[in-house]
Amino acid sequence: MAVLTSFAQEEETVEKYTSHNKGKFFVLFGGNTANYTDSDIHFTGNGYDFTVYDASAHDKPRGWSIDYINPSRMTIPQTNFELGYFISDHYNIAFKVDHMKYVMTQYQKATVSGGINLPDSEPGSQYNGVYASEDVFMTEDFLMFEHTDGLNYIHLGFSRFDDLTHLISSTINTDVFQINLTEGVGAGILFPKTNATLLGKERHDDFHVSGYGLSADIGLNLTLFKHFFVKGSLKQGYINMPNIRTTNDPSDKASQHFIFFERLISFGVIFKI
């Protein structure tokens, strides 16, 4: 009887894998949807300098699609990726890529101020003139403006991780099921591939470091069988891009800043090496 009691006590004291996180790595991949505040977009170049005020924009979600796991089409949906490491039981650092998509709403009526003075032989010269807070329809001939491949927020995150399972029940085996609260902040660069058709000019179709972003997020992590998890989170942040390439002429630039609100769902694994 004493031997059985001793064995039971030893079994009870075996530490669960999920009891500690320090030294663990994690990888996750998923999708997102996003909203953006209206923003003022300033355009400058040879022969023009004007601002489109309070331009509205939206994202471009793909919905449930095989593209999320098709390596040749992964940039078509809006995705998010993280690779992280726990520096302690409650804190981790992570490299993150939020691949959002930003589409200025076409054919909206927006207020424009500034001037356009292009040579008569150039496309877009039909818009020559001085604009003093005038309403202009955003036609494709005048302006199409998107970060659709995409609005890439590449950043480092610092997060806190807390086990909430005991709030549900003290008898749940966390090596089978665990629920965790995550809270974090992040900062990084914006590396968009901007699709802009500006005054009929040829667009610049390449990735470019355009500015920086700051963010904060909160979420729930549901860990299953020690190593697999589903994470749902909300993220809000500020993006400032003072150096957006718009055409093949390097003197043509745009700038804007806005706030984004992002909803993310991800799947991942957590492990020790």
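So, how was this worked out
- Residues numbered from 1 in each chain as written.
- Predicted model: local features only at pLDDT ≥ 70, side-chain atom pairs only at ≥ 80, totals over all residues.
- Heavy atoms only, no water.
- Helix = DSSP H or I, 4+ residues; strand = E, 2+ residues; numbered from the N terminus.
- Rg over C-alpha atoms; globule rule 2.2 N^0.38 Å.
- Buried < 20%, exposed > 50% of the residue type's maximum accessible area, 1.4 Å probe, protein only.
- Contact = heavy atoms within 4.5 Å.
- Areas by Shrake-Rupley, 256 points an atom, 1.4 Å probe, with all protein chains shown as cover.
- Salt bridge = Lys/Arg side-chain N within 4 Å of Asp/Glu carboxyl O.
- Phe/Tyr/Trp six-rings, centres within 6.5 Å; stacked < 30°, edge-to-face > 60°.
- Core = buried A, V, L, I, M, F, W, Y, C linked by side-chain atoms within 4.5 Å.
- Pairing = 2+ DSSP bridges.
- Patch = residues over 30% accessible without salt bridge, like charges linked within 9 Å, V, L, I, M, F, W, Y side chains within 5 Å.

Chemist: Explanation requested: the overall build of the chain in the structure shown.
Modeler: A tally of regular secondary structure across the chain gives two helices and 14 strands. What you see for the chain is a C-alpha radius of gyration of 24 Å, clearly larger than the 19 Å of a compact globule of 273 residues, by over 25%. For the chain, the C-alpha atoms occupy an extent of roughly 100 × 35 × 30 Å along the three principal directions. Residues classed as buried in the chain amount to 42% of the 273 residues present. Counted over contacts in the chain with a minimum sequence separation of 6, partners at least 24 positions apart contribute 71%. When the accessible surface of the chain is split by element, carbon and sulfur atoms take 61% of a total near 13,800 Å².

Chemist: When you look at the pattern of salt bridges in this model, what are you seeing that I'm missing?
Modeler: Taken as a whole and assessed by the stated rule, the structure comprises nine salt bridges. In this structure, Glu82 engages Lys231 in a salt bridge whose closest nitrogen and oxygen atoms are separated by 3.8 Å. Of this pair, Glu82 sits in strand β5 (residues 79-86) while Lys231 sits in strand β13 (residues 228-245), and the two are 149 residues apart along the sequence. Lys231 matches Glu82 in its accessibility class, with the two residues each being buried. A salt bridge links Lys193 to Asp149; the shortest N-O distance between them is 4.0 Å. Of this pair, Lys193 sits in the loop between β10 (177-190) and β11 (194-198) while Asp149 sits in strand β9 (residues 143-163); the two residues are 44 residues apart in sequence, bridging distant segments of the chain.

Chemist: Would you mind going over the packing of aromatic side chains with me for this structure?
Modeler: Aromatic rings in a pair are described by how distant their centres are and how their planes are angled relative to each other. All chains considered together, the criterion is met by 17 aromatic pairs. A centroid spacing of 5.5 Å and a plane angle of 5° characterise the contact between Tyr91 and Phe158, whose relative ring orientation is stacked. In this pair, Tyr91 is assigned in strand β6 (residues 91-104) and Phe158 in strand β9, connecting sequence segments 67 residues apart. What makes Phe158 partly exposed here is its relative accessible area of 39%.

Chemist: Whenever I open this one, the nonpolar core confuses me. Can you help?
Modeler: As a rule of thumb, nonpolar side chains are buried together in soluble globular proteins. Core analysis: the biggest nonpolar cluster contains 35 residues, and Phe43, Phe50 and Phe145 have the highest contact counts within it. Counting residues in hydrophobic clusters, the runner-up holds seven residues, among them Phe26, Phe86, Ala94 and Phe161.

Chemist: I keep staring at the pairing of strand β7 (residues 109-116) and nothing clicks. Help me out?
Modeler: Within a regular strand, side chains alternate between the sheet's two faces. Where strand β3 (residues 48-55) meets β7, six bridges bridge the pair, whose relative direction is antiparallel. Residue pairing in the sheet places Tyr48 in a bridge with Ile116 of β7. Sheet topology note: the β7/strand β8 (residues 129-137) ladder contains seven bridges and is antiparallel. Each bridged residue has a counterpart across the sheet, and for Ala110 the counterpart in β8 is Val136.

Chemist: Would you explain the environment of Phe43 in this entry?
Modeler: Tracing the backbone shows Phe43 in strand β2 (residues 39-45). Residue Phe43 is classed as buried on the basis of its relative accessible area of 0%. When residues no more than four places from it in sequence are discounted, the contact partners of Phe43 are Tyr48, Asp49, Phe50, Val52, Leu143, Phe145, Leu198, Thr246, Lys253 and Ala254.

Chemist: So what exactly am I meant to see when it comes to unusual backbone geometry here?
Modeler: Cis geometry marks the peptide bond from Asp149 to Gly150, where omega comes out at -5°. By secondary structure assignment, the location of Gly150 is in strand β9. Unusually for a residue other than glycine, Asp54 sits at a positive phi of about 50°. Locating Asp54 in the fold gives a position in strand β3. The phi dihedral of Leu199 falls on the positive side, at around 55°, and the residue is not glycine. Positionally, Leu199 belongs in the loop between β11 and β12 (211-224).

Chemist: It is not clear to me how the pairing of β3 should be interpreted in this structure. Could you clarify?
Modeler: Pairing analysis gives six bridges linking β2 to β3, with the strands arranged antiparallel. Counted as the bridge partner of Ser39 is Ala55 from β3. Linking two consecutive strands that pair antiparallel, namely β2 and β3, is a turn of two residues; a positive phi of about 95° is found at Gly47 within it.

Chemist: Explanation requested: the environment of Val112 in the structure shown.
Modeler: Take Val112: it is sitting in strand β7. Separated by 62 residues in the primary sequence, Val112 and Phe50 place their C-alpha atoms 6.9 Å from one another.

Chemist: Where do I start with a nonpolar patch on the surface in this structure?
Modeler: A grouping of Tyr85, Ile87, Tyr91, Ile93, Phe158 and Val185 is seen on the molecular surface, where their side chains present a nonpolar patch of about 490 Å² in accessible area. Structurally, the position occupied by Tyr85 is in strand β5.

Read these as geometric descriptors, not functional statements.
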